[in-house]
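The residues making up each chain are set out below.
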Amino acid sequence: MRVYAITGGTNGMGRALGLLLARRGDRVLALASGEAGGRALLEQAREAGAGDRVDFLRADLSTVAGMNAALAGVRERTDRLDGLVFGAQRFRPVREETADGLESTFALAYLSRSVLGHGLVDLLERGEAPVILNIAGPGGLPGRVHWDDLQLTRGYTGMRAAMQGSRCNDLLGADFPARHPGARTRYVLYNPGFVRTGMADPLPAPQRLLTRALARVLARSPEAAAADLARLLDAPPAEPVSAFRRNTRLDLSGPAFDPGAAAGLYALTRALPVDGGPPERGRRV
């Protein structure tokens, strides 16, 4: 039985992937902030005959306390991981700050992935063919990292925040081998394309209705996307880091994955009042 932890594991692609893995006999730790979504996932797992293979861990991954709770919760439930899947994200049309004073999209979509990815490497290294699968936006809309204003205190838009999150995740993946030299864990950045999820829910009514209408015609189902994700978990590329836009392998030599920029983001992350890098022995975030 392989063991997988999935953030955003009670909705959309995360839920579909978790149920797929549990049905085939794997164990799933689903991390999310909503109690109702957790109960619904557990009920679906029971109906599928996989109730004993799905755990729900409630944690708000946009906060430092929630990141710590997730790290502790995973460790309480398993001493190894075969895969860590990052799917938690939320589109915010209006700028919001977390209790820690961080811009919410930056905290959830990027920083939580840095903290959990680095913080659970030791469990991953005990897995059979360990992989971190970061569902982000490599090879998609360009965007950029706002180096002089990572918290987007000036000129905030939801799209700007989302695109910065994607670019930060590109650099997070590119930098991973430098922080864990010799690790067996493979890092895969994956852009699933247009998928029918609840990402449009926070949009104003006109954009929400339009996005949902387009999704009915053009988007893939979460279950179809989950099948692609499962294939990458089962057979990750041999290289330490790889990136895909659906089934197309992306070239990592471009500026989106620049090692110097990746090291710079790592340094800026370490300077935050949150430890976003490899934890020191015995030290929590």
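If you're wondering where the values come from, they're calculated on a predicted model, not measured in any experiment. (Residues numbered from 1 in each chain as written. Predicted model: local features only at pLDDT ≥ 70, side-chain atom pairs only at ≥ 80, totals over all residues. Heavy atoms only, no water.)

What should I look at first to understand the overall build of the chain in this one?
Scanning the chain from terminus to terminus reveals 9 helices and 8 strands. Looking at the 285 residues of the chain, the share that counts as buried comes to 53%. For the chain, restricting intrachain contacts to residue pairs at least 6 apart in sequence, the fraction spanning at least 24 positions comes to 75%. Surface summary for the chain: the accessible area is close to 12400 Å², and the carbon and sulfur share equals 53%. (Helix = DSSP H or I, 4+ residues; strand = E, 2+ residues; numbered from the N terminus. Buried < 20%, exposed > 50% of the residue type's maximum accessible area, 1.4 Å probe, protein only. Contact = heavy atoms within 4.5 Å. Areas by Shrake-Rupley, 256 points an atom, 1.4 Å probe, with all protein chains shown as cover.)

Got a minute to help me understand helix 6 (residues 158-179) in this structure?
For an α-helix, 3.6 residues make a turn, and residues three or four places apart therefore share a direction. If you check helix 6, its first and last C-alpha atoms are 30 Å apart, about what 22 residues at 1.5 Å a residue would give, namely 32 Å. If you look at helix 6, its biggest bend is around 25 degrees, right at Gly173, and the proline Pro177 turns up within four residues after that. (Expected span 1.5 Å × (residues − 1). Bend = angle between axes of the 7 residues up to and from the residue.)

What should I look at first to understand unusual backbone geometry in this one?
Most peptide bonds are trans, and most residues other than glycine sit at a negative phi. Unusually for a residue other than glycine, Leu152 sits at a positive phi of about 50 degrees. Mapping Leu152 onto the fold places it in the loop between strand 5 (131-135) and helix 6. The backbone of Arg246 shows a phi angle near 50 degrees, a positive value even though the residue is not glycine. On the secondary structure map, Arg246 appears in the loop between strand 7 (241-245) and strand 8 (248-249). For Arg246, a relative accessible area of 38% corresponds to the partly exposed category.

Help me out: how do you make sense of the environment of Leu123 in this one?
For Leu123, the location among the structural elements is in helix 5 (residues 121-124). Under the relative-accessibility criterion, Leu123 is labelled buried at 1%. Sequence separation between Leu123 and Asp79 is 44 residues, and the spatial gap between their C-alpha atoms is 6.0 Å.

Help me understand the pairing of strand 5 in this model?
On a regular strand, each side chain points to the face opposite its neighbour's, so the side chains alternate between the two faces of the sheet. Summarising burial for strand 5: 5 of the 5 residues are buried, a large majority. In strand 5, alternate side chains face the same way, and those of Val131, Leu133 and Ile135 on one face and Ile132 and Asn134 on the other are all buried. Inspection of the sheet shows strand 4 (residues 83-86) paired to strand 5 by 4 bridges, in the parallel sense. By the bridge assignment for strand 5, Leu84 is matched with Ile132. In the sheet, strand 5 pairs with strand 6 (residues 186-191) via 5 bridges, with the strands oriented parallel. Looking at the pairing, Ile132 lines up with Tyr187 of strand 6. Viewed along the sheet, the connection from strand 5 through helix 6 into strand 6 turns out right-handed. (Pairing = 2+ DSSP bridges. Right-handed = clockwise from strand over helix to strand, strands pointing away.)

What should I look at first to understand the pattern of salt bridges in this one?
For side chains of opposite charge, pairing can occur when their charged atoms come near one another. Scanning the entire structure with this criterion turns up 19 salt bridges. A salt bridge links Arg231 to Asp228; the shortest N-O distance between them is 2.0 Å. Separated by 3 residues within a single helix, Arg231 and Asp228 lie in helix 8 (residues 222-234), roughly one turn from each other. For Asp228, a relative accessible area of 7% translates into the label buried. Taking the shortest distance from any N to any O, the salt bridge between Glu239 and Arg249 comes out at 2.8 Å. Highlighted residues: Glu239 in the loop between helix 8 and strand 7 and Arg249 in strand 8, separated in sequence by 10 residues. For Glu239, a relative accessible area of 38% corresponds to the partly exposed category. What you see here is one network of salt bridges that share partners, running through Arg2, Arg24, Asp26, Glu128 and Asp234. (Salt bridge = Lys/Arg side-chain N within 4 Å of Asp/Glu carboxyl O.)

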